[in-house]
Amino acid sequence: MFAQAFAMFELIPSLLRRQFDLIGRLRFEVPVPRGLPIDPILPDITDAVRHHPCIVLQAEPGAGKTTRVPGALLDAGLAGDGDIVVLEPRRIAARASAEFVARARGGRVGGEVGYRVRFEQVGDHATRLWFITEGIFGRRLVSDPFLEGVGIVILDEFHERHVAGDVALTTLRELQQTLRPDLRLVVMSATIEADRVAHYLDNCPVIHSHGRHYPVDVQYEAATDTAPVWDRCARAVRTTLAQGEGDILVFLPGAAEIRRTAERLGGLPNVAVLTLHGDMPLEEQRRVIEPGPQRRVVLSTNVAETSLTIDGITTVIDSGLVRESRLDARHGLNRLRTLSISRASADQRAGRAGRTAPGRCVRLWTRAENLGRREHDTPEILRLDLSAMLLEISAWGLRRPEDLIWLDSPQPTAMAHAERLLRALGAIDVERRVSDVGQRMLRFGVEPRLARMLVAAEDLGCASQAATLAALASERDIFREQRAFGGRTTELHTGQSDLLVRLAAFEEAARSHWDARTCERLGIDRGVARAVDRVRSQLARRGGGVAGVKTKDDALLRCIAAGFPDRVCRRRAEGLLTAVMVGNTGLVQSEHSVVREPELFVAIDVDGSKRRGQVESIVRIASAVHREWLAEIAPGALSVQVDTIYDSERQRVVEQRRQCFLDLVLDEKISTKVDPSRAGEVLAAAVLAAPLARQEMLGHFENIVERVRFLRATLGESDFPDADEFADDVIRSACVGQTTMASLRGLEWTKWARATLTHPQRQALEREAPEKLDLPSGRSASIHYSRERAPFVAVRIQHAFGLRQSPRLARGRVAVVFELLAPNQRPAQVTDDLESFWKRGYPEVRKLLRGRYPKHSWPEDPFSPETGRR
């Protein structure tokens, strides 16, 4: 089973690093240094690897760990007859490191030292030292599931904590402890949590390399500056330009901030202001990295944070901000947030200034603020979509991620979202067993949505063009103006799919052999289009697609929809760009989308980040869906739900019939014909859930409720129920057979309340907490019960004549309180001891009120019943 487990490992990383793809094709001609800070401890490293299965190496940026350590281990013979495999987080790092190490060892890449990245391999059977991406690690395991041809695996730049890197660490640890105890593992980084990783690897040795190749002077702001980040960065750049020589690298969180900073630096004499990000043409990236005739200011996202050396940089200006993607599992969308970088990330950025010469790092935050920053970045496994990882683990036969020992265990919410997606795609069943469709998806080695598109294309006979669509969806947008640095200027029309628009433009550009003028006319980025073409070719080969076969649009639209069942959207109304998606997520289509008329569509590219004034996520790329396809793209997802609900507008119980795709409502009908046996329960629930409605109904029998509350408090819980629960039970029983709120208002609530009590309880209620009190005068007075005070009656003094003592309730435990009222109905005396009042208080009250109300009876003897009757 372990061999099968490893055979599926290649799936994870396909889309997580697309912004770095084009940079990875660059070559670096950096001089090889003669001495590096790590050189003195290389004997310690080789000795530790010789005696321990795992080691952790923490070396500061520029120390030379990637350049020196793999070769030192190879020269020491520690890999035996096997290879040394170095896992890099990005293609750029794998390729550049291989070329650098090959030159440092006096050879060329492809000989002793080689690399392998997606769609490219330089090296052969004679290569002993391989630099590969974390994703390609799975490909190696397909042909060599137990890594029998590998002696040492090195995880480089592990601090980046990509999902693929965490899975690789987990898998290698398991392999070491089961089938390959001879395999050696080295985990290294500049800012790794060394002690924590070492503890995870059974308390393996930790080796530190102190000191950069060149020193970096780190400076902080004296006080917090609340100006916009682009203004602060522009000021820092101008100050630095006036202070000395050398190029400047500025770290900013995203495209918008880069653009605004560049605008504020316009007009600088003899200075080239350049931008560097993953969403720019290859030619421009090369222009940034290669030295030029002018002094340079490079405005970059965190693409330049690690694994990339820009020759000539002597100063780093760090905004301290980064865009971080995080999965919103409830809505199934990745949300981009701008937040402060960690201290580890700040150290990585500072290290860019000391790679080729002594440098300086200007941090645009205070030293005190630096102490308050998080120590390390949040690993991807704790914040990104894990559907690819779950499919792979399920294919291993490990249906519970808890069966593996992780450095950081995946979040349950993320795993639940991944399971829902894979089940919607038809890749796994309820037991997480991989279906036939799932097995076919794994063959493509791409993100599950795209793999499902390709499987559907094979069934529909349109594999070739579907491979192009999958490549278009996986790579950066070929329409340059639609990306982060501008708006689409080409005139748009209505259509069925934004992907088909891109497909048509791509095919026209391909027929012109990527002619510059044709690409410019179509608004296509030639470099991105060529990258898409390479991915297309690879996917077509894996799927057996035949190039040149044209397919009807309907088949392609069905393929697209098959990959995004959880992204099906229903337009809120005809002509509107707003829609609701599966998961009850509100969306608005981009004004550049051509999919403006279809009622249903899938959201392929969704910007889940929320900006100022933006309420809903934006759908950038959409594709139409026809209702008749829904049962095909997600079998079992269509359902008819019949519910009995309370309609607050009609104030009645109604029957709601909904046709749904997953939880997305497609149609809804309301009927007032309901099952009475079910209606009463729904009506009662509605009354109890609405405080005002409950209070209205309670007002009809509140006196009984308070009498029950009084007796429960005085006689004990065994005799009477909780008053609030009793009230709710009365409402539930009265609602039986009722369908409207109006019908409840006409009920005899007192009757229902008495019926809810048992016979002994009703008897005790009348005896120990009567509703009325009979007076000697022949009248009766209502006894008021309240949770705030003792039971009381309010009567005129004359009506209480002849009543010698205050009556007692609840088996004589509580005396009734009397509010004795003057003729003006205001209390003249409040007492629960009538006998004492008549003897001591009444003469004074009689004297006062007799003069004020002479027409009323004020006898000297209040105990005579005849007096009260008169």
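Residues numbered from 1 in each chain as written. Predicted model: local features only at pLDDT ≥ 70, side-chain atom pairs only at ≥ 80, totals over all residues. Heavy atoms only, no water.

K.L.:
I would appreciate a short explanation of the overall build of the chain in the present structure.
P.N.:
Scanning the chain from terminus to terminus reveals 31 helices and 32 strands. Counting across all 870 residues of the chain, residues that qualify as buried make up 56%. Long-range pairs, those at least 24 residues apart, make up 70% of the contacts in the chain with a sequence separation of at least 6. Here the chain displays about 37600 Å² of accessible surface, and carbon together with sulfur accounts for 48% of that area. (Helix = DSSP H or I, 4+ residues; strand = E, 2+ residues; numbered from the N terminus. Buried < 20%, exposed > 50% of the residue type's maximum accessible area, 1.4 Å probe, protein only. Contact = heavy atoms within 4.5 Å. Areas by Shrake-Rupley, 256 points an atom, 1.4 Å probe, with all protein chains shown as cover.)

K.L.:
Is there a simple way to think about the nonpolar core in this case?
P.N.:
It is characteristic of soluble globular proteins that their nonpolar side chains tend to be buried jointly. With 84 residues, the main nonpolar core has Met389, Ile524 and Phe661 as its most contacted residues. Once residues within four sequence positions are removed from consideration, Ile524 is found in contact with Ile478, Phe479, Ala505, Phe506, Ala509, Cys519 and Ala529. The next biggest cluster of nonpolar side chains, apart from the first, holds 61 residues, and it includes Leu757, Val795, Phe801 and Leu809. (Core = buried A, V, L, I, M, F, W, Y, C linked by side-chain atoms within 4.5 Å.)

K.L.:
What is the right way to read the packing of helix H17 (residues 463–474) against helix H18 (residues 498–511) from this model?
P.N.:
Packed helix pairs are characterised by how far apart their axes lie and by the angle those axes make with each other. Running from N to C, H17 and H18 cross one another at 105 degrees; their axes reach a closest spacing of 10 Å. Considering their axes alone, H17 and H18 lie roughly perpendicular with respect to each other. Where H17 abuts H18, its residues Gln465, Thr468, Leu469, Leu472 and Ala473 lie against Leu499, Leu500, Arg502, Leu503, Phe506 and Glu507. Grouping the constituent residues of the contact of H17 with H18 by class yields seven nonpolar, two polar and two charged. (Axes fitted to C-alpha atoms, helices over the stretch in contact; angles between N-to-C directions. Parallel < 35°, antiparallel > 145°, perpendicular 65-115°, else oblique. Nonpolar A, V, L, I, M, F, W, Y, C, P; charged D, E, K, R; others polar.)

K.L.:
Even after reading the chapter, I still don't get the sheet that holds strand S2 (residues 83–88), so can you show me in this structure?
P.N.:
Hydrogen bonding along the main chain pairs the strands of a sheet, whether they run parallel or antiparallel. Sheet architecture is open: eight strands sit in the order S4-S3-S5-S2-S6-S7-S1-S8, paired in mixed fashion. A strand with exactly one partner marks an edge of an open sheet, and here the two such strands are strand S4 (120–122) and strand S8 (206–209). With direction set aside, neighbouring strand axes in the sheet form an average angle of 20 degrees. With three bridges joining them, strand S3 (residues 113–117) and S4 adopt antiparallel strand pairing. Within S4, the position partnered with Arg116 by the bridge is Gln121. Strands strand S1 (54–59), S2, strand S6 (150–155) and strand S7 (184–189) of the sheet are contacted by helix H6 (residues 163–178), whose axis makes an angle of about 155 degrees with S7. (Pairing = 2+ DSSP bridges.)

K.L.:
Explanation requested: the sheet that holds strand S23 (residues 652–661) in the structure shown.
P.N.:
Strand order in the open sheet formed by three strands is S22-S23-S24, and the pairing between neighbours is antiparallel. The open sheet terminates on both sides in strands that have one partner only, identified here as strand S22 (638–647) and strand S24 (664–671). Averaged over all neighbouring strand pairs, the angle between strand axes comes to 25 degrees, with direction disregarded.

K.L.:
Before we go on, may I ask you to explain the packing of aromatic side chains in this structure?
P.N.:
For any pair of aromatic rings, the description rests on two quantities: the centre-to-centre distance and the angle between the ring planes. Applying the stated rule across the entire model yields nine aromatic pairs. Centroid distance Phe701 to Trp749: 5.6 Å. Interplanar angle 10 degrees. Geometry classified as stacked. Of this pair, Phe701 sits in the loop between helix H24 (691–698) and helix H25 (702–715) while Trp749 sits in helix H28 (residues 749–756), and the two are 48 residues apart along the sequence. When the centroid spacing of 6.3 Å and the interplanar angle of 80 degrees are considered together, the rings of Trp838 and Phe863 count as edge-to-face. Here Trp838 is found in helix H30 (residues 834–852), whereas its partner Phe863 is found in the loop between H30 and helix H31 (865–869), with 25 residues between them in sequence. One exposure class covers both Trp838 and Phe863, and it is buried. Linked through ring pairs, Phe801, Phe837, Trp838, Tyr842 and Phe863 together constitute an aromatic cluster. Sitting over the face of the ring of Phe444, Arg443 holds its NZ or CZ atom 4.7 Å from the ring centroid. Over the aromatic face of Phe863 sits the side chain of Arg804, whose NZ or CZ is 4.5 Å from the ring centroid. (Phe/Tyr/Trp six-rings, centres within 6.5 Å; stacked < 30°, edge-to-face > 60°. Lys NZ or Arg CZ within 6 Å of the ring centre and 35° of its normal.)

K.L.:
It is not clear to me how the packing of helix H26 (residues 723–735) against H28 should be interpreted in this structure. Could you clarify?
P.N.:
Between H26 and H28, whose axes approach to 9 Å, the crossing angle comes to 115 degrees. Crossing handedness for the pair H26 and H28: right-handed. Where H26 abuts H28, its residues Phe726, Asp729, Val730, Ile731, Ser733 and Ala734 lie against Trp749, Trp752, Ala753 and Thr756. (Left-handed = near helix turned anticlockwise from the far one by under 90°.)

K.L.:
Just checking my understanding: could you explain the pattern of salt bridges for this structure?
P.N.:
Once their charged atoms are close, side chains differing in charge can pair, the charge on each being opposite to the other. For the structure shown, the criterion picks out 50 salt bridges. For Glu458, the salt bridge identified is with Arg440, shortest N-O distance 3.0 Å. You can see Glu458 sitting in helix H16 (residues 448–460) and its partner Arg440 sitting in helix H15 (residues 436–442), a full 18 residues away along the chain. What you see here is one network of salt bridges that share partners, running through Glu324, Arg326, Arg337, Arg374, Asp377 and Arg383. (Salt bridge = Lys/Arg side-chain N within 4 Å of Asp/Glu carboxyl O.)

K.L.:
What's the story with the pairing of strand S31 (residues 817–821) in this structure? I'm lost.
P.N.:
Sheet faces and side chains relate simply in a regular strand, where the side chains alternate between the two faces. Burial analysis of S31 places five of its five residues in the buried class, which makes it a mostly covered element. Burial along S31 is two-sided: Val817, Glu819 and Leu821 and Phe818 and Leu820, pointing in opposite directions, are all buried. Taken together, the five bridges between strand S28 (residues 789–796) and S31 define a ladder with parallel strand orientation. Bridging across to S31, Ala794 finds its partner in Glu819. Relative to strand S32 (residues 827–831), S31 runs antiparallel, the two sharing four bridges. Bridge pairing in S32 links Glu819 to Val830. Joining the antiparallel neighbours S31 and S32 is a turn of five residues, in which Gln825 adopts a positive phi near 70 degrees.

K.L.:
Quick question: what am I supposed to make of helix H2 (residues 42–51) here?
P.N.:
Given 3.6 residues per helical turn, the α-helix brings residues three or four places apart onto the same face. Residues Leu42, Ile45, Thr46, Ala48 and Val49 constitute the buried set of H2. Buried residues in H2, looked at end-on, bunch into an arc of 160 degrees, giving them a common side. Looking at the buried side of H2, the elements it contacts are S1, helix H3 (65–75), S6, S7 and S8. (Arc of directions from axis to C-beta.)

K.L.:
What exactly am I supposed to notice about the environment of Arg571 here?
P.N.:
Relative to the elements of secondary structure, Arg571 occurs in strand S17 (residues 568–571). On the basis of relative accessible area, Arg571 is assigned to the buried category, the value being 5%. In the structure, Arg571 is positioned 26 residues away from Glu597 in sequence and 8.9 Å away in space, judged by C-alpha atoms. When near neighbours in sequence (up to four residues on either side) are disregarded, Arg571 contacts Leu576, Leu577, Thr578, Ala579, Gln589, Val595, Arg596, Glu597, Pro598, Glu599 and Phe601. A polar side-chain atom of Arg571 sits 2.6 Å from a polar atom in the side chain of Gln589. (Polar contact = N/O pair within 3.5 Å; in protein donor to acceptor, adjacent residues only side chain to side chain.)

K.L.:
Could you clarify how one ought to interpret the pairing of S22 in this entry?
P.N.:
Bridge count between S22 and S23: 10 bridges; the pairing is antiparallel. Of the residues in S23, the one forming a bridge with Tyr646 is Val653. Linking S22 back to S23 in an antiparallel pair, the connection comprises four residues, with Gln651 at a positive phi of about 55 degrees.

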